[in-house]
Amino acid sequence: MPLYSRDPILLTPGPLTTSLATKTAMLRDWGSWDSAFNAVTARLRAKLLAVIEAADTHVCVPLQGSGTFAVEGAVNTLVPRDGHVLVLINGAYGKRMAKLVQMMGRKVSTFETADDVPTTAADVSRLLTADPSITHVGLIHCETSTGILNPLAEIAAVVARHGRKLIVDAMSSFGALPIDARSTPFDALVAASGKCVEGPPGMGFVFVKKGVLEGCAGHSTSLALDLADQYAYMERTTQWRFTPPTHVVVALEAALDQFVAEGGRTARYARYHANYTTLVDGMTKLGFRVFLDPAIQAPIIVTFHAPPDPKYTFADFYARVRDKGFILYPGKLTQVETFRVGCIGAIGPDEMRHAVNAVRDTLAEMGIGEVAPASARRAAA
Ligand SMILES: *Cc1c(COP(=O)(O)O)cnc(C)c1O
């Protein structure tokens with residue numbers, strides 16, 4: 001029997017396992033009008049800007065809600081009502097962005113590659129040349145539905161060269177993968193509290209190029225998601241416009257202090273990369289095959305082919321691994337049966353080794369002999 005009083009380790013790409021210091025930062029109540037809390041908000045915005053070296057070029061606008069709220073806020077605020085957004089898709093989050101652009105009433109075009117094929121800067125250049133009516137490009141940096149990495153810096157340079165504007169969903173990359181606002185041009189970049197900065201879930205934040213929001217009044221079709229209004233109000237009053245997620249804000253500040261103490265973005269990347277190699281080495285030894293080519297795989301989340309053995313069901317596999325203390329993530333692909341394992345959160349290679357052992361014991365319990373997909377077994381034979 002599992003010890004239900006002990007939290008399982010979340011191998012999911014948000015919410016994720018947070019540190020004790022981050023959790024204990026939430027054991028206080030804060031008044032949203034109080035100057036002490038407003039000072040936390042101001043420090044937090046500055047600390048977030050520093051993660052991508054954006055203090056001179058961008059402003060940080062926090063927004064209540066999950067990451068999608070912030071993506072929707074960025075699109076609805078930055079794109080004029082007669083704007084035209086080209087969304088680059090190679091997974092579920094790209095599809096979600098296209099859907100919300102359309103629901104916000106803006107014209108949307110899509111360019112879709114397969115789940116295991118990154119969008120290239122050459123693709124984007126060709127599409128922008130072909131259609132001068134495109135005003136904005138929407139890009140998912142790390143497409144969390146597989147873990148594939150799209151070439152942000154190259155695509156940003158091409159979008160800027162064509163004089164168009166870029167909106168980046170960097171939800172699962174911010175804080176871990178390199179993003180430098182001094183050399184990578186973008187109008188907006190969106191991330192959230194509960195991913196690689198290892199805070200609790202509940203707020204998003206959008207980095208908007210300086211001066212842009214001042215021209216965006218009246219764009220938004222939503223009151224709550226209007227980033228121009230949120231920004232103007234926060235600048236004027238130091239407060240959030242509507243009730244802030246106070247516990248999330250203070251815990252995220254604590255998480256960012258730990259981020260800096262750990263050694264910042266490069267140290268975070270190094271730890272996640274060690275998690276990733278420990279996971280993939282261990283799972284490969286058990287017979288599992290990774291869905292993506294390592295050359296396009298970010299060390300954030302890994303998609304594995306499900307065992308072809310008829311004794312395998314994800315529900316049973318998941319429940320047994322959970323009872324050993326690890327929460328896995330279902331696959332998000334329609335064509336192939338997969339499951340996913342996150343490498344992010346306040347965990348290290350030891351936790352990944354234990355997770356692999358839990359998977360090994362689960363395979364034995366379920367009597368699963370065929371672990372590798374048939375194609376991989378044929379290749380090995
Ligand atoms: C997590 C995530 C989001 C936001 O999802 P929510 O469920 O709204 O938090 C958006 N895009 C990507 C790439 C993500 O990984």
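Residues numbered from 1 in each chain as written. Predicted model: local features only at pLDDT ≥ 70, side-chain atom pairs only at ≥ 80, totals over all residues. Heavy atoms only, no water.

> Describe the pairing of strand 9 (residues 188–192), listing the residues and the values that go with them.
Among the 5 residues in strand 9, 5 count as buried, and that is most of the element. Alternating residues of strand 9 divide into Ala 188, Val 190 and Ala 192 and Leu 189 and Ala 191, and every residue in both groups is buried. Bridging between strand 8 (residues 165–169) and strand 9 involves 3 bridges; their strand directions are parallel. Note on strand 9: the bridge partner recorded for Ile 167 is Ala 188. Pairing between strand 9 and strand 10 (residues 203–209): 5 bridges, direction antiparallel. Directly across from Ala 191, in strand 10, lies its bridge partner Phe 205. (Buried < 20%, exposed > 50% of the residue type's maximum accessible area, 1.4 Å probe, protein only. Helix = DSSP H or I, 4+ residues; strand = E, 2+ residues; numbered from the N terminus. Pairing = 2+ DSSP bridges.)

> Tell me about the site of the ligand, and please be specific about residues and values.
By nearness alone, every residue bordering the ligand is listed as Ser 66, Gly 67, Thr 68, Tyr 93, Arg 96, Ile 140, Cys 142, Thr 144, Asp 169, Met 171, Ser 172 and Lys 195. At a separation of 2.7 Å, an oxygen atom of the ligand approaches a polar side-chain atom of Lys 195. Calculation on the ligand without its partners gives an accessible area of 380 Å², and the protein chains cover 84% of this total. Of all the cavities here, the one that holds the ligand is the largest pocket. Looking at the shell around the ligand, the elements that each hand over two or more residues are helix 3 (67–78) and helix 4 (92–103). (Near = heavy atom within 4 Å. Polar contact = N/O pair within 3.5 Å; in protein donor to acceptor, adjacent residues only side chain to side chain. Areas by Shrake-Rupley, 256 points an atom, 1.4 Å probe, with all protein chains shown as cover. 1 Å grid on protein atoms, 1.4 Å probe; cavity = no way out; pocket = protein on both sides within 12 Å on 5 of 7 lines; lining within 4 Å. Sits in = over half its atoms within 2 Å of the grid points.)

> Outline the packing of aromatic side chains, supporting the account with residue identities and numerical values.
Under the criterion given, the structure shown has 10 aromatic pairs. Ring centres 6.2 Å apart and planes at 65° place the aromatic pair Phe 288 and Phe 304 in the edge-to-face group. Taken together, the residues Phe 288 in the loop between helix 9 (264–285) and strand 11 (301–305) and Phe 304 in strand 11 connect sequence positions 16 residues apart. Phe 304 gets classed as buried once you look at its relative accessible area, which sits at 0%. Cluster of aromatic residues (ring-pair linked, three or more members): Phe 288, Phe 304, Tyr 312, Phe 317 and Phe 339. Above the plane of the ring of Trp 30 lies Arg 28, whose end atom (NZ or CZ) is 4.1 Å from the centre. (Phe/Tyr/Trp six-rings, centres within 6.5 Å; stacked < 30°, edge-to-face > 60°. Lys NZ or Arg CZ within 6 Å of the ring centre and 35° of its normal.)

Read these as spatial facts, not as claims about activity.
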